[in-house]
Number of protein chains: 2
Amino acid sequence: MPSIKRLDTRDTGFATELERLLAWESGEEAGVRDAVREILDAVKAEGDAAVLRYTERFDRLERDSVAGLEVPQQRLQAALEAIPAAQREALETAAERIGEYARHQSMQDWQFTDADGTVLGQRVTPLDSVGLYVPGGKAAYPSSVLMNAVPARVAGVGQLIMVVPAPDGELNDLVLAAAAVAGVDRVFTVGGAQAVGALAYGTATIPAVDKIVGPGNIFVAAAKREVFGTVGIDMIAGPSEILVVCDGETDPEWIAADLFSQAEHDEQAQSILVSWDHAFLDRVNEAMDRLLEEMPRADIIRTSLQNRGALIAARDLDDAVAVANRVAPEHLELSLADPQAALDAGLRHAGAVFMGRHTSEALGDYCAGPNHVLPTSRTARFSSPLGVYDFQKRSSIIQCSPEGAARLGRTAAELAHGEGLTAHARSAELRRES
Amino acid sequence: MPSIKRLDTRDTGFATELERLLAWESGEEAGVRDAVREILDAVKAEGDAAVLRYTERFDRLERDSVAGLEVPQQRLQAALEAIPAAQREALETAAERIGEYARHQSMQDWQFTDADGTVLGQRVTPLDSVGLYVPGGKAAYPSSVLMNAVPARVAGVGQLIMVVPAPDGELNDLVLAAAAVAGVDRVFTVGGAQAVGALAYGTATIPAVDKIVGPGNIFVAAAKREVFGTVGIDMIAGPSEILVVCDGETDPEWIAADLFSQAEHDEQAQSILVSWDHAFLDRVNEAMDRLLEEMPRADIIRTSLQNRGALIAARDLDDAVAVANRVAPEHLELSLADPQAALDAGLRHAGAVFMGRHTSEALGDYCAGPNHVLPTSRTARFSSPLGVYDFQKRSSIIQCSPEGAARLGRTAAELAHGEGLTAHARSAELRRES
């Protein structure tokens, strides 16, 4: 029976208790950083040789050359043909829906002309090349391949390179099949910080990319943080989280399963339910007791709920919305008759919002369409889901008419002189004199 | 007379030479990081007391309380009234144009409904609060206040807090006036890593923000890198750069002044000219000789051009475009009869593009409208100018109809079982059974 914390927003210590519940440390302490820095330096200096050495050491995979670590396209196609038809169809359906949603996100060029005839605008171009990190071994997530690769493809990225560790040579067919469905260009069985280094700096065999995306363990996360600047990175994800706001009218078993679906990810995952129907919190607790035994990952669920879960009694909808804004959850389920009313009540921070009783968070993880790569650890206060826009960049466009240049030159020169930058002023003034 | 490197794309060693020219190290080595980590930890643990201690130590500014470091709004208004009318008008004109351009960038909500009646969409909300770092002392840049604050205001950010060091109590009226024009809410005279720490963690007096933007020295840059994740940050900027592509028909003095206007920023700044008119490179070199003596910052310009500048002889437009894509410059000036032809020739990577002979880069620094906070050090390969979108975030919206939930549940459950996540499958399946 999962023992889960009970909180009440009316308690004086509530704010502090909530803060404590949400606190989480990434574990990227100095030891991890130093180890990662050493691997990155070796890959930068030695290229392929370092990649081979670390792959042998960490994944017990011995090859004569990095070319021997590349997975040919035929192998991806073979995996797609080897998996059961129902799985293939599910992958293809999911990819299609992710692509359809992604196409709505694509950024567009725009421009306008001011009164002086100066044209101002924004030009959008895709990234040339992107590296996609996919965790390997036991925890194989084909959905993660789709969620990272499909938006990159929709953006028009030139080359998409996937790296996935294959400990003892073990590779997951579903992951390879997902790479085939998503249209990944090249796959290397390299993992860890050495894979991040190879993608960031390039080696003789593995091309350097412009951005690295995808989840990984703390070594991968620390490596991404280190190479940030040399290449772009997506967010550095913390444990998965869900906050469910419920009016007490949803089947308690549905809510219990939703909380479990986060908790089963790992012991650090966070599942929180907020309701103003305090008896409902008890009913969900009872439902969790009943359902837990059916769960193959019951131990993980139990630990996660015990360490980081909570059932929170709120005063009313506004109070629940205040809690949600404070938590800024990765996944927010509004299991309410009128979920729009919660948004209208000032809900501001969430990675993805699951509206209404039928919209379980699990649909969003796989196939609803929106990305499952979402801001965690309260970063939804300032960041967004992964999307097509993460694989495009903008350039500002400025084209002055002679009149515009003359008029703007006056303002620019005034400010440049104010900053003591004479060459700036001169550069603007020369055009005025023409 | 500035001695500046001459390169030729036809030379066999060109690619290597260019690589060497572009190489730049941020100087954020271990010593800087450790010092910054210590300051951040102290601010996190001790709050105001640490802020006061470091401000006294680094800026020789002694106060009884952090409240004594706050600059009241009346002081901002007084500065605005104290500066010459021409400067005030220039600030107001610049702010208006930056605002007009920024309004074009604002992200919008959207949604669509699929065949099953499932609503999918994206909701855009502004950040609650933003911290703006402004360098202090001699190098005072009011334009930087406008470029960072105006887009935040356009985005609808709730609270905008500026920090600016005041070494020995010295504050720049133009900077304060710019803060008044931009509508900054609160200003504290705190700088360095201690200011970044205060904004990231909050103290009793300085509120915690959700994102920190604005330029600073390597301690500020290292501190922003450290707090990334707790708060959002903008890019970590390297030295300023310009690449000018010219057909040889622009007045050589204009181009010389444009190259100077980057070079005068600091010794690490980079100014590069590419042309297929090789005699033109000589003419620009001569013009630089003539103009240099007029420049108050001649020493900085000379050092910058000598260390990091270059005149590059290219074969033709396509060749010049290839160089530009390789450099991915912060500022790209297309001083050509037909700049659009260069964009159409496959130009992909640049922070801002200045089109045509009359569009000097200096106009973009101050008042053309587009932001002057741009990706440096080749990061234009994967990142974008600062914009309104950096002060907004997106939430995905999913609202399934019962039919949609049933149909999607099948796909989700198939994939969840494939990943061994039974609770995910159960959560999706329960809705199908209803």
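Residue numbering note: each chain is counted from 1, following its sequence as written. A letter from A marks each chain and a number from 1 marks each ligand, given out in the order of writing. Since the coordinates come from a predicted model, pLDDT governs what is reported: local features require at least 70, and pairs of side-chain atoms require 80 or more to be given and counted, while whole-chain, interface and lining totals use all residues. The side-chain numbers reported here are obtained from all heavy atoms of the structure, hydrogens and water having been left aside.

1. Things to note about the overall build of chain A
For chain A, the helix and strand inventory stands at 17 helices and 15 strands. Projected onto its principal axes, the C-alpha positions of chain A cover 80 × 60 × 45 Å. Sorting the 434 residues of chain A into buried and exposed places 62% on the buried side. By definition in these notes, contact holds between two residues if any of their heavy atoms fall within 4.5 Å. When contacts within chain A are restricted to residue pairs at least 6 apart in sequence, those whose partners lie at least 24 apart make up 74%. We treat Lys and Arg as the positive residues and Asp and Glu as the negative residues; His and chain ends play no part in the count. Taken as the charge location is NZ of Lys, CZ of Arg, CG of Asp or CD of Glu. For chain A, the separation between the mean place of its 40 positive charges and that of its 64 negative charges on side chains is 5 Å. A helix here means a DSSP run of H or I that spans at least four residues, while a strand means a run of E at least two residues long, and both kinds are numbered starting from the N terminus. The rule is simple: take the accessible area with a 1.4 Å probe, protein chains only, and divide by the maximum for that residue type; under 20% is buried, over 50% is exposed, in between is partly exposed.

2. Quick notes on the pattern of salt bridges
Working definition: two side chains of opposite charge can pair if their charged atoms are close together. All names here are of chain A. Salt bridges, as used here, are contacts in which a Lys or Arg side-chain nitrogen is within 4 Å of a carboxyl oxygen on Asp or Glu. Under the criterion given, the structure shown has 52 salt bridges over all chains. Between Arg75 and Asp173 there is a salt bridge; the shortest N-O distance is 3.3 Å. Taken together, the positions of Arg75 in helix α4 (residues 73–82) and Asp173 in helix α7 (residues 173–182) put the pair 98 residues apart, joining distant regions of the chain. Under the relative-accessibility criterion, Arg75 is labelled partly exposed at 32%.

3. Concerning the side chain of Asp8 of chain A
Residue and element names in this part refer to chain A. Summarising the element assignment, Asp8 is placed in strand β1 (residues 5–8). Whenever two N or O atoms come within 3.5 Å, that pair is a polar contact, provided that in protein one can donate a hydrogen and the other can accept it, and provided that, for residues adjacent in sequence, both atoms are side-chain atoms. Engagement of the side chain of Asp8 in a polar contact is seen with the side chain of Arg10, the distance being 2.6 Å. The residues contacting Asp8, other than those within four sequence positions of it, are Phe14, His278 and Ala313.

4. Describing the domain arrangement of chain A
Residue ranges assigned to the domains are those given by an automatic or database domain assignment. Once the domains are mapped, chain A shows domain 1 (5–24 + 238–368), domain 2 (30–233) and domain 3 (400–433). Each of domain 1 of chain A and domain 3 of chain A was reduced to a C-alpha centroid, and the two centroids are 57 Å apart.

5. Digging into the packing of aromatic side chains
Stacked, tilted and edge-to-face pairs are distinguished by plane angle, under 30 degrees for stacked and over 60 for edge-to-face with tilted covering the rest, among Phe, Tyr and Trp rings (Trp via its six-membered ring) whose centres lie within 6.5 Å. Scanning all chains against the criterion turns up nine aromatic pairs over all chains. Look at Tyr101 of chain A and Phe112 of chain B: their rings are 6.4 Å apart centre to centre, the planes differ by 40°, and that puts the pair in the tilted class. Here Tyr101 of chain A is found in helix α5 (residues 85–103), whereas its partner Phe112 of chain B is found in strand β3 (residues 110–113) on a different chain. Taken individually, Tyr101 of chain A and Phe112 of chain B each receive the classification buried, so the pair is uniform in this respect. Geometrically, the ring pair formed by Tyr54 of chain B and Phe58 of chain B is stacked, given 5.9 Å between the ring centres and 5° between the ring planes.

6. What to know about the relation of the copies chain A and chain B
Mapping chain A onto chain B leaves a residual RMSD of 0.0 Å; the transformation is a rotation of 180° accompanied by 0.0 Å of translation along its axis. What we have between these two chains is a two-fold relation. Distance from the rotation axis, computed per C-alpha, reaches its smallest value in chain A at Arg225 of chain A: 4.4 Å. The overlap is high: 99% of the interface residues of chain A also sit at the interface in chain B, so the same surface is used on both sides. To superpose the copies, least squares is applied to the C-alpha atoms of every residue with a pLDDT of at least 70 in both.

7. Let's talk about the interface of chain A and chain B
With 113 residues of chain A at the interface, the matching set in chain B holds 112 residues. By convention, the term buried area covers the 1.4 Å-probe accessible surface removed from two parts as they join, with the contributions of both added. When chain A packs against chain B, the two sides together hide about 10400 Å² of surface, and 58% of this comes from carbon and sulfur. Summed over the shared surface of chain A and chain B, the result is 14 salt bridges. With a closest N to O distance of 2.7 Å, Asp258 of chain A and Arg431 of chain B form a salt bridge. The interface formed by chain A and chain B holds 64 residue pairs in polar contact (both at pLDDT 80 or more) in total.

8. A short note on the sheet that holds strand β6 (residues 159–163) of chain B
Residue and element names in this part refer to chain B. With respect to topology, six strands assemble into an open sheet ordered β2-β7-β6-β5-β8-β9, the strand pairing being mixed. In this open sheet, the two edge strands, each paired with only one partner strand, are β2 (70–71) and β9 (232–233). Those strands touched by helix α8 (residues 192–201) are β5 (129–133), β6 and β8 (211–213), and its axis lies near 175° from that of β5. By the convention used here, strands pair only if DSSP detects at least 2 bridges between them. In this description, a line fitted to the C-alpha atoms serves as the axis of each element, helices being fitted only across the stretch in contact, and the angle between N-to-C directions of two axes falls anywhere from 0 to 180 degrees.

9. Digging into the environment of Ser304 of chain A
All names here are of chain A. Structurally, Ser304 can be placed in helix α12 (residues 298–308). In the structure, Ser304 is positioned 44 residues away from Arg348 in sequence and 26 Å away in space, judged by C-alpha atoms. In contact with Ser304, other than residues within four places in its own chain, are Ala263, Asp266, Glu267, Ala269 and Gly309.

10. Quick look at the packing of helix α17 (residues 422–432) of chain A against helix α10 (residues 252–263) of chain B
Axis separation between α17 of chain A and α10 of chain B bottoms out at 8 Å; the angle between their running directions is 155°. On the basis of their axis angle, the class for α17 of chain A and α10 of chain B is roughly antiparallel. In terms of crossing hand, the pair formed by α17 of chain A and α10 of chain B is left-handed. Every residue of α10 of chain B that contacts α17 of chain A at Ala423, His424, Arg426, Ser427, Leu430 and Arg431 of chain A is listed here: Glu253, Trp254, Ala257, Asp258, Phe260 and Ser261 of chain B. In this count, Pro and Cys sit with the nonpolar residues alongside Ala, Val, Leu, Ile, Met, Phe, Trp and Tyr, while Asp, Glu, Lys and Arg are called charged and the others, Gly among them, polar. Partitioned by chemical class, the residues of the contact of α17 of chain A with α10 of chain B number five nonpolar, three polar and four charged. An angle counts as roughly parallel when it lies under 35 degrees, as roughly antiparallel when it exceeds 145, as roughly perpendicular when it falls between 65 and 115, and as oblique in every other case. By definition, turning the near helix anticlockwise from the far helix through less than a right angle yields a left-handed crossing, and turning it clockwise yields a right-handed one.

11. As for the UniProt feature "binding site: substrate" (unreviewed entry) in chain A
All names here are of chain A. Under the UniProt annotation, the feature "binding site: substrate" (unreviewed entry) is placed at Ser240, Gln262, His265, His331, Asp365, Glu419 and His424. In three dimensions, the annotated residues from a span of 185 residues occupy distinct locations, with a maximal C-alpha spread of 55.4 Å. Note that His331 resides in strand β13 (residues 331–335). Given a relative accessible area of 2%, His331 falls into the buried group. UniProt positions are given in the numbering used here, feature names are shortened, and annotations may be inferred rather than shown by experiment.

12. Structural notes on the nonpolar core
By size, the foremost hydrophobic cluster in this structure holds 68 residues, and its most contacted members are Leu91, Val145, Leu146, Met162 and Phe391 of chain B. In this structure, Leu91 of chain B is in contact with Leu415 of chain A together with Ile83, Pro142, Leu146, Leu174, Ala177, Ala178 and Val181 of chain B, ignoring residues within four places of it in sequence. To qualify as a nonpolar core, a set must consist of buried Ala, Val, Leu, Ile, Met, Phe, Trp, Tyr and Cys residues joined through side-chain atoms within 4.5 Å. Ranked by size, the runner-up nonpolar core spans 67 residues in total, among them Leu160, Val187 and Ala368 of chain A together with Leu415 of chain B.

13. Description of the UniProt feature "binding site: NAD(+)" (unreviewed entry) in chain A
Residue and element names in this part refer to chain A. If you check UniProt for "binding site: NAD(+)" (unreviewed entry), the listed places come out as Tyr133, Gln194 and Asn217 in our numbering. Taken along the chain, the residues just named run across 85 residues; in space they keep tight, none of their C-alpha pairs more than 12.8 Å apart. With respect to the helices and strands, the residue Tyr133 is situated in strand β5 (residues 129–133). Not counting the four nearest positions on each side in its chain, Tyr133 is found in contact with Val163, Pro165, Gly191, Gly192, Ala195, Val196, Val213, Gly214, Pro215, Gly216 and Val220. Within the structure, the side chain of Tyr133 is placed 2.8 Å from the backbone nitrogen of Gly192, a separation counted as a polar contact. If you trace the backbone, Gln194 turns up in helix α8 (residues 192–201). Residue Gln194 is classed as buried on the basis of its relative accessible area of 3%. Residue contacts for Gln194: discarding those within four places in its chain leaves Ile39, Val43, Val51, Tyr54, Thr55 and Phe58.

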